[in-house]
Amino acid sequence: QVQLVESGGGLVQPGGSLRLSCAASGSISIIYAMDWYRQAPGKQRELVASITSGDDTYYVESVKGRFTISRDNAKNTMYLQMDSLKPEDTAVYYCNARKTDIVIAWGQGTQVTVSS
């Protein structure tokens, strides 16, 4: 089993930055890729960014150039650096872990609020 714990959310003004963390524990050797999703009130959960074990990355168009996904294998932690934040980035952010295309774990979610 894999367990994921997110941290780093909070309230930030438009144009500000936050860094989210997703710490993995358990059977982490089976993880092929990890993703960040977000869900805003009244909206479907949306894939924001992904990173594979080979460091291939994917970003949804709306965050390209503003968000950066990365991972630190020594700390078993994935990050999402979010810069130039906009009010429309407000959502609960979730990380997950995948074994190929199969999701094997979700984190509990962390709230990000962008507001003046």
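Placed above this text is the structure.
Presented here is a report on the structure given in the accompanying data block. (Residues numbered from 1 in each chain as written. Predicted model: local features only at pLDDT ≥ 70, side-chain atom pairs only at ≥ 80, totals over all residues. Heavy atoms only, no water.)

## What to know about the overall build of the chain
Part 1 of the reasoning: A tally of helices and strands in the chain yields zero helices and 11 strands.
Part 2 of the reasoning: When its helices and strands are written in sequence order, the chain yields β-β-β-β-β-β-β-β-β-β-β.
Part 3 of the reasoning: Taken over the C-alpha trace, the chain has a radius of gyration of 13 Å; the compact-globule value for 116 residues is 13 Å, and the two agree within 12%.
Part 4 of the reasoning: Considering only C-alpha atoms, the chain reaches an extent of 40 × 25 × 25 Å along its principal axes. (Helix = DSSP H or I, 4+ residues; strand = E, 2+ residues; numbered from the N terminus. Rg over C-alpha atoms; globule rule 2.2 N^0.38 Å.)

## Focus on the sheet that holds strand β8 (residues 77–82)
Part 1 of the reasoning: Read across the open sheet, the four strands follow the order β1-β3-β8-β7; overall the sheet is antiparallel. Two strands in the sheet have a free side with no partner beyond their single neighbour: β1 (2–7) and β7 (67–72). Neighbour-to-neighbour, the strand axes of this sheet turn through a mean angle of 15 degrees, independent of strand direction.
Part 2 of the reasoning: Examined bridge by bridge, strand β3 (residues 18–26) and β8 share six bridges and lie antiparallel to one another. If you follow R19 over to β8, its bridge partner there is Q81. (Pairing = 2+ DSSP bridges. Axes fitted to C-alpha atoms, helices over the stretch in contact; angles between N-to-C directions.)

## Thoughts on the nonpolar core
Part 1 of the reasoning: L4, W36, L80, M82 and Y93 are the most contacted members of the largest nonpolar core, which totals 30 residues.
Part 2 of the reasoning: Of all the secondary-structure elements, those providing two or more residues to this core are β1, β3, β4 (33–39), β5 (46–52), β7, β8, β9 (91–99) and β11 (110–114). (Core = buried A, V, L, I, M, F, W, Y, C linked by side-chain atoms within 4.5 Å. Buried < 20%, exposed > 50% of the residue type's maximum accessible area, 1.4 Å probe, protein only.)

## Let's talk about the pattern of salt bridges
Pairing between side chains of opposite charge can happen when their charged atoms approach one another.
Part 1 of the reasoning: With the rule as written, the count across this model stands at seven salt bridges.
Part 2 of the reasoning: Notably, a salt bridge pairs D55 with R71, separated by 2.8 Å at the nearest N-O pair. In this pair, D55 is assigned in the loop between β5 and β6 (57–59) and R71 in strand β7, connecting sequence segments 16 residues apart.
Part 3 of the reasoning: Notably, a salt bridge pairs E61 with K64, separated by 3.2 Å at the nearest N-O pair.
Part 4 of the reasoning: On the basis of relative accessible area, E61 is assigned to the exposed category, the value being 58%.
Part 5 of the reasoning: Owing to a relative accessible area of 47%, K64 belongs among the partly exposed residues under this scheme.
Part 6 of the reasoning: Overlapping salt bridges bring together R38, E46, R66 and D89 as one network. (Salt bridge = Lys/Arg side-chain N within 4 Å of Asp/Glu carboxyl O.)

## Some details on the packing of aromatic side chains
Part 1 of the reasoning: Using the criterion set out here, one finds two aromatic pairs in the structure.
Part 2 of the reasoning: A ring pair is formed by Y37 and W106, whose centres lie 5.2 Å apart and whose planes are at 65 degrees; its orientation type is edge-to-face. With Y37 in strand β4 and W106 in strand β10 (residues 102–106), this pair connects stretches of sequence that are 69 residues apart.
Part 3 of the reasoning: Seen in terms of ring centroids, Y94 and W106 are 6.5 Å apart; in terms of plane orientation they differ by 90 degrees. Their pairing is edge-to-face. Taken together, the positions of Y94 in strand β9 and W106 in strand β10 put the pair 12 residues apart, joining distant regions of the chain.
Part 4 of the reasoning: The structure contains a cluster of three or more aromatic residues connected by ring pairs, namely Y37, Y94 and W106. (Phe/Tyr/Trp six-rings, centres within 6.5 Å; stacked < 30°, edge-to-face > 60°.)

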